[in-house]
Amino acid sequence: MSTAVAPDYPQAPLFALDTLWFQVAGTLCNIQCAHCFISSSPTNRSHEMLSLEHVKRFLAEGEALGVKEYYFTGGEPFLNREIFEILEAALALGPVSVLTNGLLLKPESAWRLRRLSDGSDYSLDLRISIDGWDAATNDPVRGAGTFDRILVGIRNLAEAGLNPVITVTEACEGAATAEGRTRFLAFLRAIGLTQPRLKVMPLLRLGAESGRTRAYESWESLRGETLTRDEAEALVCSSGRMVTSKGVYVCPILIDFPEARMGTALAETLGGFELRHSACFTCHAQGLSCRT
Amino acid sequence: MPDLKLGGRRAPAPAPEPQTVEMGGYRRVAFLGGVYSNHLALREALRIARSRGVDAVFALGDFGAFGPHPDRTVEILRGEGIPAIQGNYEESLASGAADCHCGYTDPRDNHFAQISYDYTRENTAAEHKRWMGTLPGHIRLTIGEKRVLLCHGSPRKINEFLWRSMTPAPFIRKLLRDFETDLVVCTHTGLPWSRLLEPGRGVVNCGALGRPANDGRTNVWLAVVEAEGGGLRVDPVRVDYDHERLAREMEAERLPPEFVETIRTGWWTSCLEILPAKERAQGRY
């Protein structure tokens, strides 16, 4: 007699590989934010930099699969010495978003990005993280002196005619409320962004953040839940995959978890994924989307 | 950690295929994007389409929203017998949904979208809502030798935004392959564009009749597609209409001054956050 095992967790199918992510700087970063869910730092080598050649191999596979957009993150992507060549290769195939702390965006880099943007049919979005509207709110999270340096990066982009998306986490208290958004948009206008673009992200209680506030608790789980199709479509893992130096992972968030590594080539990672991790609860319950 | 990779169980149900209607073969066709209650532009668009000698005109959904007196637009479309598909507005109005399912992500955009939707819902006759529920989600036809698929947002989702700068060639190849067509015609974004990978194969976004294309000009757009030498030729066609009269009607209906400003200036004042970098940079706000 066989006994059916009751399924415990909902499944996210991969509806289509629309978004292809690259951990282009590995977990190496020029700063060490207190809320980083993968604990990136100047010394964290758990994922290594990706080379242009490595990225090109996955771009070719992504092109054949009909990928719709490409994302580059780290760590800090502009630590990668081949980043401009990598972005140029991706922009030949589709729209690109780069997630950066903005600290390395000197005027010549900003203008180089502008030329890459102008040279492509597709959008190039720079996403700059900041965690407050002043140094007193931002610097405890992102590091002493970072607020002023981030503003320099934002202004350099603006002067080159690029309009970054400013990304704020809920480590900046109140940023997700209507008043918080209004205050942030006013702040961005005041620093010279005439068409301010703002994205507020929930926190992931992984990596450094689990020490700053708290780790996930047992109730934060999708065990026993079922997802509608719309709910499944809203998840990053139902339309994307993440390439790191160690292989292809289900999403940009779970790269510290070996169980989230799905294969070495994209073709091996096109199946569904069981949403067992507590971070899956954040994506579903708080509507977290890493997309621009 | 438990094994995260137990595949294959409890997958959400696949999306139901939208009802598809097969129409005939044509040589020259006009496509009308979101009308957003702009009955004045709709009348002018129909006049222009006829003057260009088209065999047929198709409407790609979102008849209401933004503008005044939504029933006027529906009465023109029904009175003229224009074949049409559902947009997210028709789907929402017919099903009694609480919002438009436009797909915005920003609170300010959603605020204005809700004003549009509530006004349209209150001012659309029940009989028109019932008719909207009878419309198909897709229409297939041929133009010359090419297969053409009409959808509202994208072939795979009624409210997916297909912007020019976010719809790359490899993705278009996949859409054409998955949906067994040569050309996809869509609207939903409100900005006209097309990308043909080879003659007669690609995507055409026919833009919108409801509001201008965020370029500082007050005209709106339709698209004419015609058979040409075994392929297809795509013409975006400018539609000038009495926008000042529409603006006054919107004011009389107490629609938001931000909407009226868009009609008078040609610059978008809402739905801004959803714009990709390139498209946003072309507007004023």
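Residues numbered from 1 in each chain as written. Chains lettered and ligands numbered in written order. Predicted model: local features only at pLDDT ≥ 70, side-chain atom pairs only at ≥ 80, totals over all residues.

Regarding its fold elements, chain A presents nine helices and 11 strands. Scaling as 2.2 N^0.38, a compact globule of 292 residues should have a C-alpha radius of gyration of about 19 Å, and chain A matches this with 19 Å. Long-range contacts, defined here as pairs at least 24 residues apart, represent 74% of the contacts in chain A between residues at least 6 apart. (Helix = DSSP H or I, 4+ residues; strand = E, 2+ residues; numbered from the N terminus. Rg over C-alpha atoms; globule rule 2.2 N^0.38 Å. Contact = placed C-beta atoms within 7 Å.)

A few words now on the overall build of chain B. Of regular secondary structure, chain B possesses nine helices and 10 strands. Relative to the 2.2 N^0.38 estimate, which gives 19 Å for 285 residues, the radius of gyration of chain B is 19 Å and therefore close to what a compact globule would have. In terms of its C-alpha atoms, chain B occupies a principal-axis envelope of roughly 60 × 60 × 40 Å. The buried share of chain B, taken over its 285 residues, is 51%. Taking the contacts inside chain B whose residues are at least 6 apart along the sequence as the reference set, 69% of them involve residues at least 24 apart. (Buried ≥ 20, exposed ≤ 12 C-beta atoms within 10 Å, placed from the backbone.)

Residue and element names in this part refer to chain A. Residue Gly75 is reached from Gly74 by a cis peptide bond, and omega for that bond is 15°. When you line up the elements, Gly75 lands in the loop between strand E3 (69–73) and helix H2 (83–91). In this structure, Ser39 is a non-glycine residue whose phi angle is positive, near 55°. Mapped onto the fold, Ser39 is located in the loop between strand E2 (19–23) and helix H1 (52–65).

A few words now on the packing of helix H4 (residues 135–142) of chain A against helix H5 (residues 146–159) of chain A. Residue and element names in this part refer to chain A. At their nearest, the axes of H4 and H5 sit 8 Å apart, and the two run at 100° to each other. Comparing the axis directions of H4 and H5 gives the class roughly perpendicular. Of H5, the residues touching H4 (which contributes Ala135, Asn138, Asp139 and Arg142) are Thr146, Phe147 and Asp148. Partitioned by chemical class, the residues of the contact of H4 with H5 number two nonpolar, two polar and three charged. (Axes fitted to C-alpha atoms, helices over the stretch in contact; angles between N-to-C directions. Parallel < 35°, antiparallel > 145°, perpendicular 65-115°, else oblique. Nonpolar A, V, L, I, M, F, W, Y, C, P; charged D, E, K, R; others polar.)

Next up on the list: the sheet that holds strand E5 (residues 124–129) of chain A. Working definition: the strands of a sheet are paired by backbone hydrogen bonds and lie parallel or antiparallel to each other. Residues and elements named next belong to chain A. Read from one edge of the open sheet, nine strands run E7-E6-E5-E4-E3-E2-E8-E9-E10, paired in mixed fashion. The sheet terminates laterally at strand E7 (197–201) and strand E10 (261–263), the two strands that pair on one side only. Between one strand and the next, the sheet's axes are offset by a mean angle of 30°, whatever the strand orientation. Inspection of the sheet shows E3 paired to strand E4 (residues 96–100) by three bridges, in the parallel sense. Considered in E4, the bridge of Tyr71 is made with Ser97. Strands strand E6 (165–169) and E7 of the sheet are contacted by helix H6 (residues 178–190), whose axis makes an angle of about 140° with E7. (Pairing = 2+ DSSP bridges.)

Residues and elements named next belong to chain B. As paired strands, strand E4 (residues 138–143) and strand E5 (residues 146–150) are joined by five bridges and run antiparallel to one another. Of the residues in E5, the one forming a bridge with Ile143 is Lys146. Counting the residues that bridge the hairpin from E4 to E5 gives two residues, and of these Gly144 lies at a positive phi of roughly 60°. Here E5 runs beside strand E6 (residues 183–186); their pairing, made up of three bridges, is parallel. Along E6, the bridge assignment pairs Val148 with Leu183. In this fold, the crossover linking E5 to E6 by way of helix H6 (residues 169–178) has right-handed handedness. (Right-handed = clockwise from strand over helix to strand, strands pointing away.)

A few words on the confidence of the model for chain B. Caution applies to low-pLDDT regions: their predicted coordinates should not be interpreted in detail. When pLDDT is averaged across chain B, the result is 93; 94% of the residues are at 70 or more. Two summary scores accompany this predicted model of the complex, namely pTM at 0.93 and ipTM at 0.93. (pLDDT = per-residue confidence, 0-100.)

A few words now on the sheet that holds E4(B). Residues and elements named next belong to chain B. Read from one edge to the other, the open sheet built from six strands follows the order E1-E4-E5-E6-E8-E7, with strand pairing classed as mixed. Strands at the two margins of the open sheet, each flanked by one partner only, are strand E1 (20–26) and strand E7 (192–198). On average, each strand axis in the sheet is inclined to that of its neighbour by 15°, with strand direction left out of account. Inspection of the sheet shows E1 paired to E4 by five bridges, in the parallel sense. Its bridge partner being in E4, Thr20 is matched across the sheet by His138. The sheet contacts of H6 involve E6, E7 and strand E8 (201–206), and relative to E7 the element is tilted by about 80°.

Now for helix H4 (residues 107–122) of chain B. Residues and elements named next belong to chain B. If you check H4, its first and last C-alpha atoms are 22 Å apart, about what 16 residues at 1.5 Å a residue would give, namely 22 Å. Within the span of H4, buried status applies to Phe112, Ala113, Ser116, Tyr117, Tyr119 and Thr120. One side of H4 holds all its buried residues, which, seen down the axis, span an arc of 165°. Close packing links the buried residues of H4 with helix H2 (70–80), helix H3 (88–95) and helix H8 (257–265). (Expected span 1.5 Å × (residues − 1). Arc of directions from axis to C-beta.)

Right, let's get into H6(A). Over its 13 residues, H6(A) runs 18 Å from end to end, which matches the ideal 18 Å to within 8%, given 1.5 Å per residue. One or two residues past the end of H6(A) sits Gly192(A), with phi positive at roughly 105°.

On to the environment of Cys283(A), then. Residues and elements named next belong to chain A. Its location among the elements puts Cys283 in helix H9 (residues 278–285). C-beta crowding within 10 Å serves as the criterion here: with 23 such atoms nearby, Cys283 is assigned to the buried category. Taking C-alpha positions, Cys283 is 9.0 Å from Leu204, a pair spaced 79 residues apart along the chain. The residues contacting Cys283, other than those within four sequence positions of it, are Leu235, Val236 and Leu288.

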